[in-house]
Amino acid sequence: MTLSDRIQQTRDFILGKIDCENPIGVILGTGLGGFAEEIKIQAEISYSDIPHFPQSTVEGHDGKLIFGSLSGKQVLALKGRFHYYEGYDMKDVVYPIRVMHSLGVKNLILSNASGGVNPSFKVGDIMLINDHINLFPSNPLIGPNDDSLGPRFPDMSEPYSKLFIQKMKAAAESESILLREGVYAGVSGPCFETPAEYKYLRIIGADAVGMSTVPETIAAKHLGMNVAALSVITDLGIEGIVEQVSHEEVQKAANEAEPKMSAIVKSFLSSI
Ligand code: HPA
């Protein structure tokens, strides 16, 4: 069975449960799952019930698809994502993005937690991702290209929609929330970085580093989608203040920043 056939089966299954028309796609990352409570839910489907969907393995990433409305917009949210470090093939990491596209999603909001390497950042800050650096050892588009999905050599001159960047900034301002902006370096993990690695990431132009999002953005751009991405800074990798970090601390900081992230996304949704 081809990838397109699998995507179609997954789509048909989901369409048997929800009635959607160009919903806005949202991926809820580490500790941001609570955002789902803001959605007026019409249907929830556990990943384990969805044909061909990968299954989540990480604590704090329970997997379900949530369909409903928020700020007057149809929202198709995925609570829990698939990380490369869990052992998934890149094709599985981005499978949900391709399914969202098949369900009519044109506009995608990604969220994640990251380590700040910009020395002006503080734990709990929200950073609007305006560009990325792919440091994963792979790329979801490696292999034969499926021309029905997108081009062999996709353009990446605007990975994060300039219009959405402008609207996210306006949304944060209207909510009086400080919004940082910068470049997200995507790494495989699962180790957090050494002090030398954080220093290297800063030198090559990153403001934050994390273990997700980049493959999803690449797949979304391949499909011609518009992407916006927000990151919660959960720890700092800044020279002189590289402290020990754990998954629990990352989740705690992300949970604490959740109300700010939710407020920005809600206001953004009402503006598009
Ligand atoms: N490094 C990589 N990924 C992360 C970090 C970090 O410091 N914090 C949250 N995700």
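Structure's up top.
Quick summary incoming for the structure in this document. (Residues numbered from 1 in each chain as written. Predicted model: local features only at pLDDT ≥ 70, side-chain atom pairs only at ≥ 80, totals over all residues. Heavy atoms only, no water.)

In terms of helices and strands, the protein chain carries 7 helices and 9 strands. Computed over C-alpha atoms, the radius of gyration of the protein chain comes to 17 Å, within 12% of the 19 Å expected from 2.2 N^0.38 for 272 residues, which places it in the range of a compact globule. Seen through its principal axes, the protein chain has C-alpha atoms that stretch 55 × 40 × 35 Å. Residues counted as buried form 54% of the 272 residues belonging to the protein chain. In the protein chain, the share of contacts with a sequence separation of at least 24, taken over all contacts with a separation of at least 6, comes to 83%. Of the roughly 11,600 Å² that the protein chain leaves accessible, carbon and sulfur atoms contribute 50%. Taken as two groups, the 23 positive and 33 negative side-chain charges of the protein chain have centres that lie 5 Å from each other. (Helix = DSSP H or I, 4+ residues; strand = E, 2+ residues; numbered from the N terminus. Rg over C-alpha atoms; globule rule 2.2 N^0.38 Å. Buried < 20%, exposed > 50% of the residue type's maximum accessible area, 1.4 Å probe, protein only. Contact = heavy atoms within 4.5 Å. Areas by Shrake-Rupley, 256 points an atom, 1.4 Å probe, with all protein chains shown as cover. Lys, Arg positive; Asp, Glu negative; His and termini not counted. Charge placed at Lys NZ, Arg CZ, Asp CG, Glu CD.)

To continue, consider the site of the ligand. Within the structure, the ligand sits among A113, S114, G115, F192, E193, Y198, V209, G210, M211, T234, D235 and V250. Interatomic distance of 3.5 Å between a backbone N/O atom of A113 and a nitrogen atom of the ligand. Contact distances for the ligand include 2.5 Å between a nitrogen atom and a side-chain N or O atom of E193. Protein chains shield 96% of the accessible area of the ligand, which is 260 Å² for the free molecule. (Near = heavy atom within 4 Å. Polar contact = N/O pair within 3.5 Å; in protein donor to acceptor, adjacent residues only side chain to side chain.)

Summed over the entire model, instances satisfying the criterion amount to 7 aromatic pairs. Centre to centre, the rings of Y47 and F82 are 5.4 Å apart; their planes meet at 45°, and the pair counts as tilted. Here F82 lies in the loop between β4 (73–79) and α2 (90–93) and Y47 lies in the loop between β2 (40–46) and β3 (64–70), a separation of 35 residues in the sequence. On the basis of an interplanar angle of 80° and a centroid distance of 6.0 Å, the ring pair of Y84 and F136 is categorised as edge-to-face. Of the two residues, Y84 is situated in the loop between β4 and α2 and F136 in the loop between β6 (126–134) and α4 (162–174); the sequence distance between them amounts to 52 residues. Among the aromatic residues, ring-to-ring pairing joins Y47, F53, F82, Y88 and Y95 into one connected group. (Phe/Tyr/Trp six-rings, centres within 6.5 Å; stacked < 30°, edge-to-face > 60°.)

One finds L230 and I264 to be the most contacted residues of the largest nonpolar core, which totals 78 residues. Once residues within four sequence positions are removed from consideration, L230 is found in contact with L110, S111, N112, I126, M127, L128, M168, L179, M261, I264 and V265. The next biggest cluster of nonpolar side chains, apart from the first, holds 8 residues, and it includes V117, V187, L201 and M211. (Core = buried A, V, L, I, M, F, W, Y, C linked by side-chain atoms within 4.5 Å.)

Moving on: the packing of α4 against helix α7 (residues 247–271). Contact pair α4 / α7: the axes reach a minimum separation of 8 Å and the direction vectors enclose 125°. Considered as vectors, α4 and α7 are oriented oblique to each other. By crossing handedness, the relation of α4 to α7 is classed as right-handed. Here F164, K167, M168, A171, A172 and S174 of α4 lie close against α7, whose contacting residues are I264, S267, F268 and S271. The residue inventory of the contact of α4 with α7, partitioned by class, reads 6 nonpolar, 3 polar and 1 charged. (Axes fitted to C-alpha atoms, helices over the stretch in contact; angles between N-to-C directions. Parallel < 35°, antiparallel > 145°, perpendicular 65-115°, else oblique. Left-handed = near helix turned anticlockwise from the far one by under 90°. Nonpolar A, V, L, I, M, F, W, Y, C, P; charged D, E, K, R; others polar.)

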